[in-house]
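Descriptive structure summary
So the chains spell out like this:
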Amino acid sequence: MKHLLYGLIILSMMSCTSKKDSYTQEQLYEQASSGVVLIQNTYYYKITLSDNGFYSTNYVFSKLRDGKLKNISHTISNNFNEVNDTIKSTIFGTGFIISPRGTIVTNSHVINPTTDKTLIYQALIRYLKEQIDYCNQQLEETRKRLEIFEKEIRDNKRLDSQGYAMMMDGIQSSRKWINTFTQYRNNRIKDLSLSNFDVELCSEIKIAYNGSHIASSNDLIDCFVVKDVPNYDLGIIQIADGSNFWNVCRLEETPKWSYEQAEVGWSNIQNAGIISWFTIPQDKYIFNLYNNEIRSDEEIKLYMIGFNQGPTLASTNDGIKAQITQGYISQNTDSIKIMYSIPALQGSSGSPVVNQYGELVAINFAGINGTQSFNYGIRVERLREIVNDQSVKDKMKVRQSNNKHVNNDSINSIESINN
């Protein structure tokens, strides 16, 4: 009996010593909010039409809506900053820091708002045909005006010098417009005949730390894409050491969702090297991906820290401030995602979802139509799969860092390189 009592006492002591610290909502926000960032993605789509030879032409547009390419324009520029701002779209999301190098996790749809390539092609064909029809209509009307001007000069013997000059101006203007419309129409006819079709997403991705003051996009920090996994709706970006930086992703006919991991091919146009000396400020929290040991019989409170509605709700006199919201697991849906009763708005995509112990549980990615109170998150286990990829680890390497938040024992993807 005495041995049994001693055994119970020891088990009780072990249970007490292994118990994890639980935090309040305010404590969690104080601890982790500095590691949450606002993400701004300014982007446009570029279409390339080409033949099997050397000829190619490009169009840019902002988005596909109601079967039409919005703000479409012919272009000869390959420089992001030379494309008119009226053609670009801007969306906001949330991300969180996972390494001192400035590696940030968010949703794929935040960095890669892809659209259906087939629908884009169909919309482009309609646009080209509409442009050709428009030119033919304008040519017909302009030729009629030209005939009137020429007939007036030929038949009206009473024209004075002023009237004659007016008719000649009309003739010259009409001929000029006929040449312009003819050339434009013929170019569109040629474009319509080209057999090769490609679409690229051109994006400028920037972040702002929680608490920072933002007056314009110039106050945000440039990032480049490290890895994009649309099938998990997860993306990894990294802070770039430089400015005027943009990313390009070629659109393919890839399924948006499946249980198989897949990635999309991005190319970084400028300043794409690994800046191994760069580290984030030491006061920024770094989320740990490897510390969430949860018992299945526990009642787990969940907290989401994110930028609902982007900078609209976040703007304060003290800078932008992320919001923290609370809920519970509503459904252990499957091995990819969970459902929880945390309210969320647009802009919260990519937000970290932690439990009452401050452990990362999921990455917010989708809501349910008709309600703001139930949302889905991608399980942290799927994020680990991506971060464990060697190509991601290589980007996350830094030289010696004094950042106190780094835990190299638990985050094996963060490596320290000596000189």
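Anything mentioned here points back to the structure above.
Turning to the side chain of Asp-222, a few remarks are in order. Tracing the chain through its elements places Asp-222 in strand S9 (residues 221–229). In terms of polar contacts, Asp-222 uses its side chain to reach the side chain of Lys-206, at 3.3 Å.

Here we come to the environment of Asp-228. With respect to the element layout, Asp-228 can be found in strand S9. Separated by 120 residues in the primary sequence, Asp-228 and Ser-108 place their C-alpha atoms 5.9 Å from one another. At a separation of 2.6 Å, a polar atom in the side chain of Asp-228 contacts the side chain of Ser-108. At 2.7 Å, the side chain of Asp-228 forms a polar contact with the side chain of Asn-112.

All right, on to the nonpolar core then. Counting 40 residues, the largest nonpolar core has Phe-96, Phe-287, Leu-360 and Leu-383 as its most contacted members. Looking at this core, the element that brings in the most residues is helix H7 (residues 380–387), giving 4 residues.

As a further point, take H7. The buried fraction of H7 amounts to 6 of the 8 residues, a majority that puts the element mostly inside the structure. Residues of H7 that are buried include every one of Val-380, Arg-382, Leu-383, Arg-384, Ile-386 and Val-387, and no others.

To continue, consider the packing of helix H4 (residues 117–155) against helix H5 (residues 161–193). Remark: H4 packs on H5, axes separated minimally by 8 Å, with the N-to-C direction vectors making an angle of 160°. Taken together, the axis directions place H4 and H5 in an arrangement best described as roughly antiparallel. Of the two elements, H4 crosses H5, and the hand of that crossing is left-handed. Looking at side-chain class alone, the contact of H4 with H5 contains 20 nonpolar, 7 polar and 9 charged residues.

Parameters at a glance
- Per chain, the residues get numbers from 1 upward, laid out in the order the sequence is written.
- Residues qualify for local features only when their pLDDT is at least 70, as the model is predicted, and side-chain atom pairs are given and counted only at 80 or more; totals for whole chains, interfaces and linings, by contrast, use all residues.
- Note: side-chain values were computed over all heavy atoms of the structure, leaving out hydrogens and water.
- Numbering of helices and strands runs from the N terminus, with a helix taken as a DSSP run of H or I at least four residues long and a strand as a DSSP run of E at least two residues long.
- The term polar contact refers here to a pair of N or O atoms within 3.5 Å; inside protein, the definition further demands a hydrogen-donor-capable atom paired with an acceptor-capable atom, and it admits residues adjacent in sequence only when both atoms are side-chain atoms.
- Side-chain atoms within 4.5 Å link the members of a nonpolar core, which is a set of buried Ala, Val, Leu, Ile, Met, Phe, Trp, Tyr and Cys residues.
- Burial classes follow relative accessibility: with a 1.4 Å probe on protein chains only, a residue under 20% of its type's maximum area counts as buried, one over 50% as exposed, and anything between as partly exposed.
- Geometry is summarised by axes, namely lines fitted to C-alpha atoms with helices restricted to the contacting stretch, and by angles between N-to-C directions that run from 0 to 180 degrees.
- Throughout, the term roughly parallel applies to angles under 35 degrees, roughly antiparallel to angles over 145, roughly perpendicular to angles from 65 to 115, and oblique to all others.
- Take the far helix as the reference: if the near one is turned anticlockwise from it by less than a right angle, the crossing is left-handed, and if turned clockwise, right-handed.
- For this classification, Asp, Glu, Lys and Arg are treated as charged, while Ala, Val, Leu, Ile, Met, Phe, Trp, Tyr, Cys and Pro are nonpolar and the rest, including Gly, are polar.

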